[in-house]
Number of protein chains: 2
Amino acid sequence: MAEADRETILPVILCGGSGTRLWPASRESMPKQFTPLVDPTTSTFQATIRRVADPAVFARPTVIASAESRFIVAEQLAQTGIAADILLEPERRDSAAAVAVAALHGARRGPETVVLVMAADHVIEDAAAFARAAREAALGARLGQIMTLGITPTRPATEYGYIRTGGALPDAPGLERVERFVEKPDAAGAERLIGEGALWNSGYFLFRADVMLAELKAHAPEVLEAARAALANAVTDLDFVRLEAVSFARAPKTSIDYAVMERTTRAGVLAVSFAWSDVGTWDAVWGVLERNAQGNALRGRVELIGTRNSLVHSEGEGLTTVVGLEDVVVVTTPDAVLVASKAQSGRVKDLVSVLREKAHPEADAHRRMYRPWGWYQRIDIGERFQVKRIMVTPGGRLSLQKHFHRAEHWVVVKGTAEVTVDERVVLVHENEAVYLPIGSMHRLTNPGKIPLELIEVQVGSYTGEDDIIRVEDVYGR
Amino acid sequence: MAEADRETILPVILCGGSGTRLWPASRESMPKQFTPLVDPTTSTFQATIRRVADPAVFARPTVIASAESRFIVAEQLAQTGIAADILLEPERRDSAAAVAVAALHGARRGPETVVLVMAADHVIEDAAAFARAAREAALGARLGQIMTLGITPTRPATEYGYIRTGGALPDAPGLERVERFVEKPDAAGAERLIGEGALWNSGYFLFRADVMLAELKAHAPEVLEAARAALANAVTDLDFVRLEAVSFARAPKTSIDYAVMERTTRAGVLAVSFAWSDVGTWDAVWGVLERNAQGNALRGRVELIGTRNSLVHSEGEGLTTVVGLEDVVVVTTPDAVLVASKAQSGRVKDLVSVLREKAHPEADAHRRMYRPWGWYQRIDIGERFQVKRIMVTPGGRLSLQKHFHRAEHWVVVKGTAEVTVDERVVLVHENEAVYLPIGSMHRLTNPGKIPLELIEVQVGSYTGEDDIIRVEDVYGR
């Protein structure tokens, strides 16, 4: 234990998923790890960060996220008050490339740094048990093993991979060798695996940076070289480290499980028994939520009669009602509604594919669109006009811009706006309005200490998002 | 037939229902008979009016409606281009009072006028078959019978009452006596009734005005006297005849079936076999709609996978999706969503009762509220502000009004507004805005030839509908 106490573990949180299986609450533009799906006050990303906040056990965390999600990551980190390094992937290259970046990043602290790779979208309520497990597994990592956490199964799940164990690791009480990783089984296979003592594969990995680098070099050298060049040529931009795009794109798209874990002789596992879920489907979300006497998990403005064992999740102001059903999932958002058989909620991923094929904008875009300066959402649209509600955080500053096809009326309903219109700069207070003629160069800033909210009425022959000329932007867009 | 050709039939359409069983598309503020539920281009009220538009068979129709729905009735009538008398009930007193008014109204044309009482919310596609049936049944009415149309059952329905027939009427080929009206049976009872040749009770009645008045006098004299006084003291207001409220309120609340039909010896029936539905539940709506190969009836922006025999009805801009379900009803509107077992869709009425108990405004109020001058709908609301879209028909004129707690910004997005603010009258064109300070006396008029649309942003400490002082109103509100 002396070794474990001396050096802390470097947590690396992978935020790359798009979470389409939890559509419509989770979408490409705001994936599930950033939404308050399970706990209305926090996202699973924030809960994950908090789980590794104890400085006695963990070093300052690193977050690996997509470039598009950088402002959400920064805002959610700021809300937790926890400092972290943020590495941005220019595109998704699957988990092997991300783990290679994590190992290289860890090696900068020292070759024997123990790295803990974590998903941002899992639910583990018992943070203390998780920290204990990480410390125990780190012992194996320090001995040169690539450790995983294996969850003791509580039911014959068919949606998880399994780990068959292969006997105790020497010098590491409680740790075992991995005999084999098993793909998601059918129901009978799951029963058999559990009978054999197999564990669920949680996807958490702990390893010494030098060990993982050696294994990558042996089993996935192209991934390693792409990651190495992308990190070496990375650019620091605001608070982010942007991996270099051309190099990173050379990494083959492959998972760390396939690239390394199924090939290495150094795979070890710690069996743990805390409650864990990857909340991969709406059925799984229902499974982790609190449920009432009828077995219903409810969120938002909902009313049910004669309904049991269902998840009814309502976002926004609308009223959602269910009559006489069992085992259903109903998710309503201001622009999209999902009604699904709970048992078939895994097919939501297929649904999203259909929505994309048919070019429904709701497939990927949320009605509330997050931007570095705050957010906007459309509240009405008609022929030749569109209405938006816009929120600008204190200090937020939109780009200097103009439009060719629309004029805009801004009515401030909360806070104070500093508005630039061509040569003029004016302060616009609550209950005041300002007019921006077609073609005028304008900019919106919140110079105040409270959020600014305004209603924008656009009038013109075309009100699409792409009618915008950005002349200057503090966020480098 | 000579008799039938000489005198036309006076159709009286009863529009009094609130249609809560088809919530949320149908609500107190816009009941199902006025919504385009079955045909996206027309309401069942409009279809009913058109069904009796042939002047060779029918006289100018009369509509009996609630006072609250008068502007919807007038607007929908104007859309059909069919002229009608409109009698307004100051409150709902059930069908006996309405039929008494219909008989009294008919008697003014002549005591032997044949009156056809019709519901506004039934679906009958074959208008020619209906007109033929009305002419045939009118023969029985002229002979002094109170005729009903009995629908030949196509399935053992439990949601309809039945009519047992009692042999041919003399001098009237094809017409029969009613032996007995039977309340809604259970499934076994329905099978038995059909085996005995019983018919569905459609609720259509044809009678000579003098005959119905005599029967009412004999069996429901209080209803008759209340209706007589309410009609005698009625006031003509714009294009409406308002029944006098105090007299009308004295009518006992009872159905014409109970008050007269189950007691009279003059009940006759014509068996008809055209397709008919009272579309009383979402299940019944599904039954009359066109369905695809999977048995799904779809409306609006919807996408389904693995779903069968379901009704998915989406109003507004949102996308509605269903995955892996059978025999469900999904109805989405901009402010409320219903998901129900199709078999249990009759319980929607109970759901609405629950919503009323819990004071959910969506129980009765639609998001789009119809007014004599057009409509408004809320598009956003927040702390200290609210945003509405307002449409004013050409010539429409809102009341002269003021508010104590809110200022208003109006941005015209279509058409031209004439705006009065205190002493000033200004024309506001598309893409222009006007500001109405707190306490200012203001009025909005559409002086133009096309609909006026504007976005209203209210800002203030209280934005409820009841913060309004009406100084003058052309619609007598």
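All of these numbers come straight from a predicted model, not from anything done at the bench.

This part is about the overall build of chain A. Looking only at helices and strands, one finds twelve helices and 28 strands in chain A. Computed over the C-alpha atoms, the radius of gyration of chain A is 25 Å, within 12% of the 23 Å expected from 2.2 N^0.38 for a compact globule of 477 residues. Dimensions of chain A along its principal axes, counting C-alpha atoms only, are 75 × 60 × 40 Å. Per-residue burial over chain A gives 57% buried out of 477 residues. Within chain A, residue pairs in contact and separated by at least 24 positions form 68% of the contacts whose partners lie at least 6 positions apart. When the accessible area of chain A is evaluated, it comes to approximately 19,000 Å², of which 50% is carbon and sulfur surface. Within chain A, one finds 54 positive and 62 negative side-chain charges whose respective centroids are separated by 1 Å.

So, about a nonpolar patch on the surface. Residue and element names in this part refer to chain A. A surface patch of nonpolar side chains, about 260 Å² in accessible area, is lined by Phe404, Ile469 and Val471. Checked against the element boundaries, isoleucine 469 lands in strand 28 (residues 469-472). A relative accessible area of 34% places isoleucine 469 in the partly exposed class.

Let's shift gears to the sheet that holds strand 27 (residues 452-460) of chain B. Residue and element names in this part refer to chain B. The antiparallel open sheet is built from six strands, whose spatial order is 18-19-20-27-22-25. The open sheet terminates on both sides in strands that have one partner only, identified here as strand 18 (368-371) and strand 25 (433-436). Recorded for the sheet is a direction-independent mean angle of 20 degrees between the axes of neighbouring strands.

Moving on to the domain arrangement of chain A. One widely used convention gives an interface's size as the accessible area the parts lose upon coming together. In terms of domain boundaries, chain A breaks down into domain 1 (2-272), domain 2 (282-357) and domain 3 (368-472). On a C-alpha basis, the centroid separation for the pair domain 2 of chain A and domain 3 of chain A is 35 Å.

Here chain A sits on chain B after a turn of 180 degrees about the axis and a move of 0.0 Å along it, with an RMSD of 0.1 Å. The transformation just described matches what one would write down for a two-fold rotation axis. Judged by C-alpha distance, Ile379(A) is the residue of chain A that lies nearest the rotation axis, at 2.9 Å. In this assembly, 100% of the residues forming the interface of chain A have copies in chain B that are likewise at the interface, indicating an isologous arrangement.

The UniProt record annotates "domain: Nucleotidyl transferase" (unreviewed entry) at residues 11-290 of chain A. Counting secondary structure, residues 11-290 of chain A comes out at 35% helix and 22% strand; the distance between its end C-alpha atoms is 29 Å.

Attention shifts here to the packing of helix 4 (residues 94-107) of chain A against helix 8 (residues 221-232) of chain A. Pairs of packed helices are described in terms of their axes, by the angle between the two and the distance that separates them. All names here are of chain A. Between helix 4 and helix 8, the least distance of the axes is 9 Å, while the angle of their chain directions is 55 degrees. Regarding the angle of helix 4 to helix 8, the classification is oblique. At the point where helix 4 passes helix 8, the crossing takes the right-handed sense. Contacts between helix 4 and helix 8 involve Ala96, Ala97, Ala100, Val101, Leu104 and His105 on the former and, on the latter, Val223, Leu224, Ala227, Arg228 and Leu231. Here the contact of helix 4 with helix 8 is composed, by residue class, of nine nonpolar, one polar and one charged.

So, about the sheet that holds strand 15 (residues 319-323) of chain A. Strand order in the open sheet formed by six strands is 13(A)-15(A)-17(B)-16(B)-14(B)-12(B), with mixed pairing between adjacent strands. The two strands at the open ends of the sheet, each matched to only one other strand, are strand 13 (302-305) of chain A together with strand 12 (297-299) of chain B. Taking the axes of each pair of neighbouring strands and ignoring which way they run, one obtains an average angle of 5 degrees across the sheet. Against the sheet, helix 12 (residues 348-357) of chain B makes contact with strand 13 and strand 15 of chain A together with strand 17 (336-341) of chain B, and its axis sits at roughly 135 degrees relative to strand 13 of chain A, the strand it touches most.

Residue and element names in this part refer to chain A. Note: strand 6 (residues 162-168) against strand 7 (residues 175-182), five bridges, orientation antiparallel. Across the sheet, alanine 168 pairs through a bridge with glutamate 176, a residue of strand 7. As consecutive antiparallel partners, strand 6 and strand 7 are separated by six residues, and within that stretch aspartate 171 has a phi angle of approximately 65 degrees, a positive value. Sheet topology places strand 7 next to strand 11 (residues 267-272); three bridges connect them, and they run antiparallel. Looking across to strand 11, one finds that arginine 177 is bridged to glycine 268.

Residue and element names in this part refer to chain A. For helix 8, with twelve residues, the first-to-last C-alpha span of 16 Å sits near the 16 Å given by 1.5 Å per residue. Listed as buried for helix 8 are Val223, Leu224, Ala226, Ala227, Ala229, Ala230 and Leu231. Of the surrounding elements, those touching the buried residues of helix 8 are helix 4, helix 7 (209-219) and helix 9 (245-248).

Quick look at the environment of Arg51(A) now. Residues and elements named next belong to chain A. Its place among the elements puts arginine 51 in helix 2 (residues 44-51). Residue classification places arginine 51 among the buried residues on the basis of a relative accessible area of 6%. Sequence separation of arginine 51 and glycine 166 is 115 residues, and the distance between their C-alpha atoms is 30 Å. With residues near it in sequence (within four places) discarded, arginine 51 still touches Phe58, Met118, His122, Val123, Ile124, Ala127, Phe130 and Tyr204.

Attention now goes to the pattern of salt bridges. Counted under the stated rule, the structure contains 56 salt bridges over all chains. Between Arg164(B) and Glu179(B) there is a salt bridge, with the nearest N and O atoms lying 3.5 Å from each other. Here Arg164(B), found in strand 6 (residues 162-168), pairs with Glu179(B), found in strand 7 (residues 175-182); they are 15 residues apart in sequence, far enough to count as distant. Assessed through its relative accessible area of 25%, Arg164(B) is described here as partly exposed. Put simply, Arg208(B) and Asp210(B) hold a salt bridge, and the shortest N to O gap is 3.0 Å. Asp210(B) sits in the partly exposed class, given a relative accessible area of 25%. Taken together, the shared-partner salt bridges in this structure form one network comprising Asp380(A), Glu383(A), Arg389(B), Lys414(B) and Glu453(B).

Rules and cut-offs
- Residues numbered from 1 in each chain as written.
- Chains lettered and ligands numbered in written order.
- Predicted model: local features only at pLDDT ≥ 70, side-chain atom pairs only at ≥ 80, totals over all residues.
- Heavy atoms only, no water.
- Helix = DSSP H or I, 4+ residues; strand = E, 2+ residues; numbered from the N terminus.
- Rg over C-alpha atoms; globule rule 2.2 N^0.38 Å.
- Buried < 20%, exposed > 50% of the residue type's maximum accessible area, 1.4 Å probe, protein only.
- Contact = heavy atoms within 4.5 Å.
- Areas by Shrake-Rupley, 256 points an atom, 1.4 Å probe, with all protein chains shown as cover.
- Lys, Arg positive; Asp, Glu negative; His and termini not counted.
- Charge placed at Lys NZ, Arg CZ, Asp CG, Glu CD.
- Patch = residues over 30% accessible without salt bridge, like charges linked within 9 Å, V, L, I, M, F, W, Y side chains within 5 Å.
- Salt bridge = Lys/Arg side-chain N within 4 Å of Asp/Glu carboxyl O.
- Pairing = 2+ DSSP bridges.
- Axes fitted to C-alpha atoms, helices over the stretch in contact; angles between N-to-C directions.
- Domains from an automatic or database assignment.
- Least-squares fit on C-alpha atoms with pLDDT ≥ 70 in both.
- UniProt positions renumbered as here; feature names shortened; annotations may be inferred.
- Parallel < 35°, antiparallel > 145°, perpendicular 65-115°, else oblique.
- Left-handed = near helix turned anticlockwise from the far one by under 90°.
- Nonpolar A, V, L, I, M, F, W, Y, C, P; charged D, E, K, R; others polar.
- Expected span 1.5 Å × (residues − 1).

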